[in-house]
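Chain and residue survey
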Amino acid sequence: MMALTAIVLSDTDRMGEQEKDVMIGISFLILQGHVSGTWAEKKAALEVVRDRRGVQETLDDFERLAEQCLRDFPIN
C-alpha cells in the first residue's frame, strides 16, 4: 500500500521524488522484515494488492491505515 501510494502521488505530481523514494524504502523494509517468502513471491503478492484496488481506494486505504501499519510493522 505504501509503495503504491508513493508511486501514484509521484505520478500525479503530489509528491516529490525524494519522498517517493523514502516511502518505497519503508515498503522494502516492511517486506524484508515482516513478510515471509522469496522476493519473487513478495513481488507477486504486491502485484495482487495493486490489481485488486483502484487508485482512489489505494489512497483512501493509505490515509486510513498508514500509521497503524508502521506500528504493526516497525522498521527500526
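See the structure above.
Residues numbered from 1 in each chain as written. Predicted model: local features only at pLDDT ≥ 70, side-chain atom pairs only at ≥ 80, totals over all residues. Heavy atoms only, no water.

Section: the pattern of salt bridges
Convention followed: Any carboxyl oxygen of Asp or Glu within 4 Å of a side-chain nitrogen of Lys or Arg constitutes a salt bridge here. Numbered from the N terminus, helices here are DSSP runs of H or I no shorter than four residues, and strands are runs of E no shorter than two. A simple rule labels every residue: compare its accessible area, found with a 1.4 Å probe on the protein chains alone, to the largest value its type can have, and call it buried under 20%, exposed over 50%, or partly exposed in between.
Scanning the model with the defined rule gives four salt bridges in all. K20 is the partner of E17 in a salt bridge, and the nearest nitrogen-oxygen pair spans 3.1 Å. Placement of the pair is E17 and K20 together in helix 2 (residues 17-34), with a separation of three residues, close to one helical turn. Classification of E17 by relative accessible area gives partly exposed; the value is 46%.

Structural notes on the layout of surface pockets
How we decide: Here a cavity denotes a set of grid points, spaced 1 Å apart and computed over the protein atoms alone, in which a 1.4 Å probe fits but from which it cannot get out, and a pocket denotes an open set meeting protein on both sides within 12 Å along at least five of seven lines; residues with an atom within 4 Å of a point are reported as lining. Grid points are joined across faces, edges and corners, and a volume is the space filled by probe spheres set on the points.
Counted as a void, the largest pocket has a volume near 470 Å³. Along its surface, the largest pocket is lined by 17 residues, and M1, I30, L46, V49 and C69 are the ones closest to its centre. At the level of elements, helix 1 (2-11), helix 2, helix 3 (39-52) and helix 4 (55-72) are the ones that each hand at least two residues to the lining of the largest pocket. The element contributing the most residues to the lining of the largest pocket is helix 3, with five residues.

Examining the packing of aromatic side chains
Given two aromatic rings, one states the distance between the centres and the angle between the planes to describe the pair. Here is the rule: Each Phe, Tyr or Trp ring, with Trp reduced to its six-membered ring, pairs with another whose centre is within 6.5 Å; inter-plane angles below 30 degrees give stacked pairs, above 60 give edge-to-face pairs, and intermediate values give tilted ones. Whether a charge sits over a ring comes down to the Lys NZ or Arg CZ being within 6 Å of the ring centre and within 35 degrees of the ring normal.
Counted according to the given criterion, the structure contains one aromatic pair. Judged by centre distance (5.1 Å) and plane angle (5°), the ring pair of F28 and W39 falls under stacked. Pair noted here: F28 is in helix 2 and W39 is in helix 3, with a separation of eleven residues, a long-range link. Overall, F28 belongs to the partly exposed group, its relative accessible area being 41%. Overall, the relative accessible area of 41% leaves W39 in the partly exposed class. Across from the ring centre of W39, 4.5 Å away, lies the NZ or CZ of K42, which sits over that ring.

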